[in-house]
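Structure at a glance
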Amino acid sequence: MKSFRFLWLFCLFLAVAAPVLAHPMQVEAVVAKLRPQEKFLYIEFVGNVQDITQIPGVTLGDERRNPDGTFPADFQKKLEGYINGGFKLEQNAQPWPGELTQVRYDNSLDVTRSRFTLSMRYARIGGQTQVLEITNTLFDYLPNAETMVVAAGTTQRLKAGSQASINPSDMTTNLLRNIQQFLLSGMEHIFTGPDHLLFIFAFLLATPNFKSIIKTLTGFTIAHSVTLILTTLGILSFPARLVDVVVALSIVFVGIENVIGLRKDSAFNKRFWVATCFGFIHGFAFAGNLKDMGLPEGGALIWSLLSFNLGVETAQVLICCAVFPLLLLWRKDTEKRRSSSLTWKSIQLMLSGLIAGAGLVWMFQRLFNT
């Protein structure tokens, strides 16, 4: 009797849950970060790739995604229209037009964790004292659709069909806020960039002391700062796809150089120049990410650019200060166990080979659109 009662309750649950389970759920809430500037409002949308590639009428198969983290032009145009229709901005009953400036995604092997970053630019219309009204219907076809609107450090959670009001004080251009945002974004770019992290780790793996690290990072920093600044200001340009390929190649090069140098007991005297040369290429990649954010106008541009670069350097220093002592401890522990066949050099060679292999996979993926 109890079993029949359980079966009846289970069927009742299915009857109630079926309408919900029949529809896909939003993978995670989309975060909309407002970056007010003097003439434009930039909004950076961040969320799971699965959400924006399954929009009705804007569907995009995985096979059409570009390996460099970008999307086809026709998909971007449809996506721009969808964002404008689903995330409406009005000030004093006057709508603000939105323009898609960039959309990228990270190449995570786990599709459920792959995230997109989408930047929209809105021409500011009207005065600076009126309240900005936002009407959100993004992903309204999903049962749990939600968008988190972040402005001036405050967050409003919007369900599909909800509205939010942004205070005029949150829409004023603030130099200190710009510096903070770009500083944190520079740090985030390093911490969430597996290719840049692996490139730095490859150097640390075969570096004997902190003096050598400082020398190597100095060359890398000077080089990528030069290309970052010149590219952001529009003085230099380099094809984004080729940049991604060469960044992967730099990982392969340093990994192989580790293997060759360790086998010959080399002191890696040319490491400064290797880091400097590849630093120029990594600077183009940093600049691409910086442009996606939506840069301010006037004097704030220079401060934002320098803040982003400082964020990159801060993240690199933190990584080195955290990882290198751990490598030294690992080395010390390995050398204590002399009876073990696994020497420190064999560990370095094995990890360097794996690093070169990972870079090679990325390089071919980006080169042949696989």
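A few words now on the side chain of Asn258. Positionally, Asn258 belongs in helix H7 (residues 240-263). One polar contact links Asn258 to Ser352, side chain to side chain, over a distance of 3.3 Å.

End to end, helix H6 (residues 210-232) covers 32 Å across 23 residues, agreeing with the expected 33 Å (1.5 Å per residue, within 8%). Among the residues of H6, those classed as buried are Ile213, Thr216, Leu217, Gly219, Phe220, Ala223, His224, Ser225, Thr227, Leu228, Thr231 and Thr232. Just past H6, the residue Gly234 takes up positive phi, approximately 85 degrees.

This next bit is on the nonpolar core. In terms of nonpolar packing, the biggest core is built from 40 residues, with Phe199, Leu204 and Phe308 touching the most fellow members. Of all the elements in the fold, those that place two or more residues in this core are helix H4 (175-191), helix H5 (194-205), H6, H7, helix H8 (271-293), helix H9 (299-336) and helix H10 (344-367). Top contributing element to this core by residue count: H8, with nine residues. Formed by 37 residues, the second largest nonpolar core is a distinct cluster that contains Phe75, Leu79, Tyr82 and Leu132.

The residue Ile355 is located in helix H10 in this model. Overall, Ile355 belongs to the buried group, its relative accessible area being 5%. Remark: the alpha-carbon pair of Ile355 and Ile256, spanning 99 residues in sequence, is separated by 8.6 Å. When residues no more than four places from it in sequence are discounted, the contact partners of Ile355 are Leu198, Phe201, Ala202, Leu205 and Ile251.

For the rest of this paragraph, the subject is the packing of aromatic side chains. Evaluated as defined, the whole model comprises 14 aromatic pairs. Here the aromatic rings of Phe199 and Phe278 are separated by 6.3 Å at their centres, their planes lie at 80 degrees, and the arrangement is edge-to-face. Residue Phe199 is located in helix H5, and its partner Phe278 is located in helix H8; the two are separated by 79 residues in the primary sequence. Here Phe199 matches Phe278 in class, with each residue buried. Aromatic side chains Trp330 and Trp344 sit 5.5 Å apart centroid to centroid with 70 degrees between the ring planes, which places their arrangement in the edge-to-face category. Of this pair, Trp330 sits in helix H9 while Trp344 sits in helix H10, and the two are 14 residues apart along the sequence. The class of Trp344 is buried, set by a relative accessible area of 7%. An aromatic cluster is built from Phe199, Phe203, Phe220, Phe253 and Phe278, whose rings are joined through pairwise contacts. If you follow Arg121 out to its NZ or CZ, it ends over the ring of Phe40, 4.4 Å from the centre.

Analysis parameters
- Counting of residues starts from 1 at the beginning of each chain's written sequence and follows it residue by residue.
- Totals for whole chains, interfaces and linings use all residues, but because this is a predicted model, local features are given only for residues with pLDDT of at least 70 and pairs of side-chain atoms are given and counted only at 80 or more.
- Each side-chain value is worked out from all heavy atoms of the structure, with water and hydrogens disregarded.
- Only runs of H or I of at least four residues qualify as helices and only runs of E of at least two qualify as strands under DSSP, and these elements are numbered from the N terminus.
- Any pair of nitrogen or oxygen atoms within 3.5 Å is treated as a polar contact; in protein, a donor-acceptor pairing is required on top of that, and neighbouring residues in sequence qualify only through side-chain atoms on both sides.
- In a helix, the anticipated span is given by 1.5 Å times the number of residues less one.
- Between buried and exposed lies partly exposed: a residue is buried under 20% and exposed over 50% of the maximum accessible area for its type, with that area taken using a 1.4 Å probe on protein chains only.
- Put simply, a nonpolar core is a bunch of buried Ala, Val, Leu, Ile, Met, Phe, Trp, Tyr and Cys residues held in one set by side-chain atoms that sit within 4.5 Å of each other.
- Contact criterion: two residues are considered in contact whenever any of their non-hydrogen atoms come within 4.5 Å of each other.
- We call Phe, Tyr and Trp rings a pair once their centres come within 6.5 Å, taking the six-membered ring for Trp, and we label the pair stacked below 30 degrees between planes, edge-to-face above 60, and tilted otherwise.
- Only lysine NZ and arginine CZ atoms are considered, and such an atom sits over a ring when it is within 6 Å of the ring centre and within 35 degrees of the ring normal.

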